[in-house]
Protein chains: 4
Amino acid sequence: MTAPDPRVVEHADAIASVRREVCALHGELLRWNLVTWTSGNVSARVPGTDLMVIKPSGVSYEDLRPESMVVCDLEGTAVDGRHAPSSDTGSHAHVYRARPDVGAVVHTHSPYATAWAARGEPIPCVITAMADEFGGDIPVGPFALIGGAEIGEGVVATLEDHRSPAVLMHGHGVFTIGATPTAAVKAAVMCEDVARTVHLARQHGPLERLPQEHVDALHDRYQNVYGQRTETP
Amino acid sequence: MTAPDPRVVEHADAIASVRREVCALHGELLRWNLVTWTSGNVSARVPGTDLMVIKPSGVSYEDLRPESMVVCDLEGTAVDGRHAPSSDTGSHAHVYRARPDVGAVVHTHSPYATAWAARGEPIPCVITAMADEFGGDIPVGPFALIGGAEIGEGVVATLEDHRSPAVLMHGHGVFTIGATPTAAVKAAVMCEDVARTVHLARQHGPLERLPQEHVDALHDRYQNVYGQRTETP
Amino acid sequence: MTAPDPRVVEHADAIASVRREVCALHGELLRWNLVTWTSGNVSARVPGTDLMVIKPSGVSYEDLRPESMVVCDLEGTAVDGRHAPSSDTGSHAHVYRARPDVGAVVHTHSPYATAWAARGEPIPCVITAMADEFGGDIPVGPFALIGGAEIGEGVVATLEDHRSPAVLMHGHGVFTIGATPTAAVKAAVMCEDVARTVHLARQHGPLERLPQEHVDALHDRYQNVYGQRTETP
Amino acid sequence: MTAPDPRVVEHADAIASVRREVCALHGELLRWNLVTWTSGNVSARVPGTDLMVIKPSGVSYEDLRPESMVVCDLEGTAVDGRHAPSSDTGSHAHVYRARPDVGAVVHTHSPYATAWAARGEPIPCVITAMADEFGGDIPVGPFALIGGAEIGEGVVATLEDHRSPAVLMHGHGVFTIGATPTAAVKAAVMCEDVARTVHLARQHGPLERLPQEHVDALHDRYQNVYGQRTETP
């Protein structure tokens, strides 16, 4: 047994809190039918540190506990936890290094979105729900092998040019980012929702994108007006 | 803290009852898979008043409680409740102003119905379940931006010419109306059900509408004979 | 309050037992996603009598209790129960009159099967599961209006020429029959299952029916060997 | 009552453990929507013996208990248990005789995979999840009648030439194998998952297989690196 990483000691409370949140959000992936067996994962940055918390590799969702989550540094090296971290850790870590505004990353193989990813085809912005959440098309990123940072590089490069917090990695599946863990999970949930609706819509005829000025207006409103701004407790 | 609106004091019991009913009916939207994350809402008129009760904006379904519902007047201005009301409040309010017979409004992005809405295509009345509940095709209303009353105006104008309690708003989703909250929710549930069945049916061949006299007979019977007329308690 | 029908008094125990069974089997319709809101029903003959038990009209599934089931004679007239019986009672009753071997009838609008019914197209027997349960294609019956016995006449006439316990009523939905309530419900469940699989299969290419001798062998085995013949308690 | 088979007495503890595991894994088939009514089954070899444990024929999933599982020898003859074993017992037994490395067999009619099976078309390896779990296409085996060992012979012959633990039996459904019961169930779950995604993907355009070197790299990594290698308890 080696001595614990000093960062893990110093930020013990923040880490415990993120472990609980990341663990619980895997339940949302199941609830909204985004994952099968052990096929998706959530990670989150520990605020104010160079650490992240991520799902252990190949552990089933019902066996996940806050303490089974793995703490890694932003090179993807595990610094706390009894399990090996997700195969996608290197790519999550890359996103946190490249995008200081990103607080969480989600990866799924949700079926309708992965169907678009298999063809390498962006989801066109044809309904208001897409304009709201994604501000336009959901773009496609390059094919990349699992294991290193290559997928993360593709995620970052693709999202640079888009408002969308979701990217369809060619031949693979979905990655989403968010300022908070809930925001990244919501993006993954809504990505599958619109992937399904647009898939279904196009089965019976061609579709037209919403006019750009409507997309802009909807996205601006949804990002700035929708939801609860100030809530009296 | 300002003084409570006098109408809220006067109709406290009726409001409490409608808050409970509207809150509970959001559970039906989830149960029948009509909504994703926070994407649909139910409102109801407080009987005998110029008030309505509606879902708060962007609050997740499992966090909804009767007391989180927002009471608004029929201009869409919140008069009671700690949360900001749904983004769609202005449109719901318009429907209540224009249609005194309407006691409830439901809005969803349910996937099959929204697929028809994305194409701007009415659902043709090809099965008896559609004749029963909708009395013909489910019509399409105009594209309109969220936020004001414009969607509500499109809903009212479109439904004027139809027996259907459901309308597919182009590029957006479903609105339904009903004399009671349960009736409006039922219309939303059945709209998705028939949207799916007719979508599937047309995937393997062309469809023919039911003859008008059959549609008339079925709708008349369903509206006037089906169900429990008088029930001994 | 009129005096109870003497048959209801005489067969009180048998009726109570059938009420419980029919009530519980509506839960299977929900569980296997065959029904929406109040759209399907189960009935059963009370063994050794000229009575049947059927779902009340327009009552939601979670409100069903054994005592809410309605007892009717085989003309479809209610003889016991506080509710109005299903709109389909006249057709169920016709089936019991015409087919003494039938102990139960189920009706649904399950989505994939109703999609075949909307087109008026039989489901071709292309997989072993269809040969097992249906012994060939699932046939299509005529369009008929709800309310009287006309649908029941179509069900009986169509099934006369087939091994299948299921029939797709044109433009309407599914009716199944069985010697027991469980058998009729199973037929409805399997009808939707194979309707979905064959629908999906044909989306990517033409299908070939299984050779008749294989269908015969599979059906014979499934009806006579499959399951538990004698079970030591 | 005849005397118990001596192997059943000798291996009582191992048999009890496999009965529990096989019983519980049928719950996974239901949970992941692979089975309808009684349409799928799991079996497992009792380690270190020439015995297997399999589902009883035609018993519903919620009635399964560890003690309702049937113990058979590897000729498919029941040696312990009160029920008749699955109709597929002869084929499961053949797989265990022919493949000493196989510890469990699963059979389902899961809808998307059975749709590919109905057409007799292999699922092409177009997404990383397929390369991971199946190492290439999921192949098609011959049509064979239920009851004897013929299906098992087709399973063994087809899988000999593939890395895939899953085979689509033409006109029938899915068989999967695994070193452990969990591995075989996982293969069945992932087979349906990728069958659905690739079905959906191809509905809107042609697909290209992943390059062979990528398939090889992904499969090697998934089989040898993914998951938890050594886990501190």
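That block above? That's the structure.
What counts and how
- Residues numbered from 1 in each chain as written.
- Chains lettered and ligands numbered in written order.
- Predicted model: local features only at pLDDT ≥ 70, side-chain atom pairs only at ≥ 80, totals over all residues.
- Heavy atoms only, no water.
- Helix = DSSP H or I, 4+ residues; strand = E, 2+ residues; numbered from the N terminus.
- Rg over C-alpha atoms; globule rule 2.2 N^0.38 Å.
- Buried < 20%, exposed > 50% of the residue type's maximum accessible area, 1.4 Å probe, protein only.
- Contact = heavy atoms within 4.5 Å.
- Areas by Shrake-Rupley, 256 points an atom, 1.4 Å probe, with all protein chains shown as cover.
- Lys, Arg positive; Asp, Glu negative; His and termini not counted.
- Charge placed at Lys NZ, Arg CZ, Asp CG, Glu CD.
- Buried area = accessible area lost by both parts, 1.4 Å probe.
- Salt bridge = Lys/Arg side-chain N within 4 Å of Asp/Glu carboxyl O.
- Polar contact = N/O pair within 3.5 Å; in protein donor to acceptor, adjacent residues only side chain to side chain.
- Nonpolar A, V, L, I, M, F, W, Y, C, P; charged D, E, K, R; others polar.
- Axes fitted to C-alpha atoms, helices over the stretch in contact; angles between N-to-C directions.
- Parallel < 35°, antiparallel > 145°, perpendicular 65-115°, else oblique.
- Left-handed = near helix turned anticlockwise from the far one by under 90°.
- Least-squares fit on C-alpha atoms with pLDDT ≥ 70 in both.
- Phe/Tyr/Trp six-rings, centres within 6.5 Å; stacked < 30°, edge-to-face > 60°.
- Lys NZ or Arg CZ within 6 Å of the ring centre and 35° of its normal.
- Pairing = 2+ DSSP bridges.

(A) Focus on the overall build of chain A. Within chain A, the regular secondary structure consists of 8 helices and 8 strands. Whereas a compact globule of 233 residues would reach a radius of gyration of roughly 17 Å, chain A reaches 18 Å, a difference of no more than 12%. When its C-alpha atoms are laid out on the principal axes, chain A stretches across 60 × 45 × 30 Å. Looking at chain A as a whole, 63% of its 233 residues qualify as buried. Contacts spanning at least 24 positions in sequence make up 63% of the contacts within chain A whose residues lie at least 6 apart. Carbon and sulfur atoms make up 51% of the accessible area of chain A, which totals about 8600 Å². Counting 18 positive and 29 negative side-chain charges, chain A places the centres of these two groups 4 Å from one another.

(B) Examining the interface of chain A and chain B more closely. Contacts between chain A and chain B engage 33 residues on the former and 31 residues on the latter. Buried surface at the junction of chain A and chain B, both sides included, amounts to about 2900 Å², of which 61% is carbon and sulfur. Taken as a group, His204(A), Tyr226(A) and Gln228(A) account for 22% of the area that chain A buries against chain B, more than any other trio of residues on that side. At the junction of chain A with chain B, the criterion picks out 1 salt bridge. Across the salt bridge formed by Arg31(A) and Glu62(B), the nearest N and O atoms sit 2.7 Å from each other. Counting every contact that joins chain A to chain B gives 12 residue pairs in polar contact (both at pLDDT 80 or more). Residue assignment for the side of chain A that touches chain B shows that the elements contributing at least two residues are helix H2 (12-31), helix H5 (128-134), helix H7 (181-202) and helix H8 (212-224) of chain A. A total of 10 residues in the side of chain A that touches chain B trace back to one element, the largest contributor, which is H7(A). Split by residue class, the side of chain A that touches chain B holds 15 nonpolar, 10 polar and 8 charged.

(C) Structural view of the packing of H7(A) against helix H4 (residues 111-119) of chain B. Where H7(A) contacts H4(B), the two axes come as close as 8 Å, and the packing angle between them is 55°. By the angle class used here, H7(A) and H4(B) are oblique. In this structure, H7(A) meets H4(B) at a crossing whose hand is right-handed. In this structure, H7(A) contributes Arg196(A), Thr197(A), Leu200(A) and Ala201(A) to the contact, and H4(B) contributes Pro111(B), Tyr112(B), Thr114(B), Ala115(B), Ala118(B) and Arg119(B).

(D) Structural view of the side chain of Asp132(C). With respect to the element layout, Asp132(C) can be found in helix H5 (residues 128-134). Buried charge without a partner: Asp132(C) forms no salt bridge, and the closest opposite charge is Arg221(C), 7.2 Å away. Among all residues touching Asp132(C), those that are not within four sequence positions of it are Leu218(C), His219(C), Tyr222(C), Gln223(C) and Ile146(D).

(E) How the structure looks around the pattern of salt bridges. All names here are of chain A. Counted by the stated rule, this structure contains 52 salt bridges over all chains. Of the charged contacts, one joins Arg 99 and Asp 101 as a salt bridge, the two residues approaching to 2.9 Å between their closest N and O atoms. In the salt-bridge network here, residues are joined through shared partners; they are Asp 5, Arg 7 and Asp 50.

(F) Up close: the relation of the copies chain A and chain B. Once chain A is rotated about the relating axis by 90° and shifted along it by 0.0 Å, it coincides with chain B to within an RMSD of 0.0 Å. On this basis, the relationship between the two copies can be described by a four-fold rotation axis. Rotation axis and chain A: the residue whose C-alpha lies nearest the axis is Gln203(A), separated from it by 5.5 Å.

(G) Up close: the packing of aromatic side chains. This model, assessed by the stated rule, comprises 6 aromatic pairs over all chains. Between the NZ or CZ atom of Lys55(D) and the centre of the ring of Tyr61(D), over which it lies, the distance is 5.2 Å.

(H) Representation of the relation of the copies chain C and chain B in the model. For the pair chain C and chain B, the superposition axis carries a translation of 0.0 Å, the fit reaches an RMSD of 0.0 Å, and the rotation angle comes to 90°. Of the interface residues in chain C, just 3% have counterparts in chain B that sit at the interface too, so the contact is made through distinct surfaces.

(I) Structural detail: the arrangement of the chains. At the C-alpha level, the nearest point of chain A lies 11 Å from chain C, with no contact between them. Left apart from each other, chain B and chain D have a closest C-alpha approach of 11 Å.

(J) Summary view of the pairing of strand E8 (residues 173-178) of chain A. All names here are of chain A. Of all 6 residues that make up E8, 6 are buried, and the element is covered over most of its length. Of the pairings in the sheet, the one linking strand E5 (residues 104-108) to E8 comprises 5 bridges and is antiparallel in character. Within E8, the position partnered with Ala 104 by the bridge is Gly 178. Of the pairings in the sheet, the one linking strand E7 (residues 166-169) to E8 comprises 4 bridges and is antiparallel in character. In the strand pairing of E8, Ala 166 is matched with Thr 176. Counting the residues that bridge the hairpin from E7 to E8 gives 3 residues, and of these Gly 171 lies at a positive phi of roughly 70°.

(K) Inspection of the sheet that holds strand E1 (residues 41-45) of chain A at higher detail. All names here are of chain A. Reading across the sheet, the 8 strands line up as E4-E3-E2-E1-E5-E8-E7-E6 and stay open at both edges, with mixed pairing between neighbours. Both edges of this open sheet fall to strand E4 (78-80) and strand E6 (140-141), since each of them pairs with a single strand only. Inspection of the sheet shows E1 paired to E5 by 4 bridges, in the antiparallel sense. Along E5, the bridge assignment pairs Ser 43 with Val 105. Packing of helix H3 (residues 89-98) onto the sheet brings it into contact with E1, strand E2 (51-54), strand E3 (70-73), E5 and E8, and relative to E2 it is tilted by some 140°. Against the sheet, helix H4 (residues 111-119) contacts E7 and E8, and its axis sits at roughly 55° relative to E7.

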